[in-house]
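Observations on the three-dimensional arrangement
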Amino acid sequence: MAKIYLLSNQKYTCVENLEVFQIEYIKSSIDLLKYDALIFTSKNAIYSLDSFNKNWKNIDSYAIAPKTSEIIKKLGGKVVFTGITSHGNEFAQELINLLKNKKVLYVKALKTVSDLVEILKQNKILIDELVAYKTSCKKSEILLEDNSIFIFTSPSSVECFFNQYSWKNSYKAIVIGKTTAKYLPKEVNYTISSETSIDECINLATQSLL
């Protein structure tokens, strides 16, 4: 029987987690109070920063997508802007005018794939980077069902999946965004979610099974 496999550690009903990677937080003694603005493109960056420095809540936060904003607000942070396109490079373009004359910190993963920092620097935005977490692959013992749908939530989820599994023609792929889609092998047909959200990916996958 076909299944929906979610390549994430977030738990949802009606899908099976396929945990092929793990997140490790990286602590820092950085002085956040010298910054006027924080950029977040990932929930893991928020959770990591919150685990070792609560001062971030007093600084204006710029979030790539509504789900990212929700987490910032839930933890007590100050969201001043939420991205419209929800994609890295386009998000950078949206930020240019908003961040003029501000000292900015981008809280990020060890490996990132967008050109966000370069785009902002080219537009004379003063921006530093803080690596707050890293992703590493881990072994999955799950035997995959034919005709299943796989929800890829990041480039790391793609990399770690193909480190240990082969793609079958009966599989379908749903990806959370354009950047993640670029990392899929050429033989993989995929659908990009209209929103950068796991909920929307699951909706798409559920419809595909009907």
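Quick look at the structure, then.

**Quick word on the side chain of Thr153**
With respect to the helices and strands, Thr153 occurs in the loop between strand S9 (149-152) and helix H5 (155-164). A polar side-chain atom of Thr153 sits 2.7 Å from the main-chain carbonyl oxygen of Leu7. With residues up to four places along the chain from it excluded, the contact list for Thr153 reads Leu6, Leu7, Ser8, Phe21, Ile176, Thr180 and Ile198.

**As for the sheet that holds strand S6 (residues 78-82)**
Read from one edge of the open sheet, six strands run S3-S8-S7-S4-S5-S6, paired in mixed fashion. Two strands bound the open sheet, and with one partner strand each, they are strand S3 (21-25) and S6. In this sheet, adjacent strand axes meet at a mean angle of 30 degrees when their direction is disregarded. Where strand S4 (residues 37-40) and strand S5 (residues 60-63) come together, four bridges link them in parallel fashion. Paired with Leu38 across the bridge in S5 is Ser61.

**With respect to the side chain of Asp50**
Relative to the helices and strands, Asp50 resides in helix H1 (residues 43-52). Those residues in contact with Asp50, other than ones at most four positions away along the chain, are Trp56, Lys57 and Leu75.

**Brief notes about the environment of Phe21**
Position of Phe21 relative to the elements: it lies in strand S3. A relative accessible area of 12% means that Phe21 is categorised as buried. A C-alpha to C-alpha distance of 8.2 Å links Phe21 and Leu7, two positions 14 residues apart in sequence. If we ignore the near neighbours within four places in the chain, the residues touching Phe21 are Leu7, Ser8, Thr135, Ser136, Cys137, Lys138, Thr153, Ser154, Ser157 and Cys160.

**Thoughts on the packing of H1 against helix H2 (residues 66-74)**
Packing of H1 against H2 brings their axes to within 9 Å, and their N-to-C directions diverge by 15 degrees. Here H1 is positioned roughly parallel relative to H2, judged by the angle of their axes. Where H1 crosses over H2, the handedness of that crossing is right-handed. Here Lys43, Ile46 and Tyr47 of H1 come into contact with H2, specifically with Thr68, Ile71 and Ile72. For the contact of H1 with H2, the class distribution of residues is four nonpolar, one polar and one charged.

**Let's talk about the sheet that holds S9**
Strand order in the open sheet formed by five strands is S2-S1-S9-S10-S11, and the pairing between neighbours is parallel. Each edge of the sheet is formed by a strand with only one pairing partner; in this case those strands are strand S2 (16-17) and strand S11 (190-192). Both S9 and strand S10 (residues 172-175) contribute to a ladder of four bridges, which runs parallel. The residue bridging Phe150 from the neighbouring strand is Ala173, located in S10. Helix H7 (residues 198-209) rests against strand S1 (4-7), S9, S10 and S11 of the sheet, and its axis sits at about 165 degrees to S9.

**What to know about H5**
Within the span of H5, buried status applies to Pro155, Ser156, Ser157, Val158, Cys160 and Phe161. Those residues of H5 that are buried are in contact with S1, S3, strand S8 (126-137), S9 and helix H6 (178-182).

What counts as what
Residues numbered from 1 in each chain as written. Predicted model: local features only at pLDDT ≥ 70, side-chain atom pairs only at ≥ 80, totals over all residues. Heavy atoms only, no water. Helix = DSSP H or I, 4+ residues; strand = E, 2+ residues; numbered from the N terminus. Polar contact = N/O pair within 3.5 Å; in protein donor to acceptor, adjacent residues only side chain to side chain. Contact = heavy atoms within 4.5 Å. Pairing = 2+ DSSP bridges. Axes fitted to C-alpha atoms, helices over the stretch in contact; angles between N-to-C directions. Buried < 20%, exposed > 50% of the residue type's maximum accessible area, 1.4 Å probe, protein only. Parallel < 35°, antiparallel > 145°, perpendicular 65-115°, else oblique. Left-handed = near helix turned anticlockwise from the far one by under 90°. Nonpolar A, V, L, I, M, F, W, Y, C, P; charged D, E, K, R; others polar.

Spatial relationships are all this shows, so hold off on functional conclusions.
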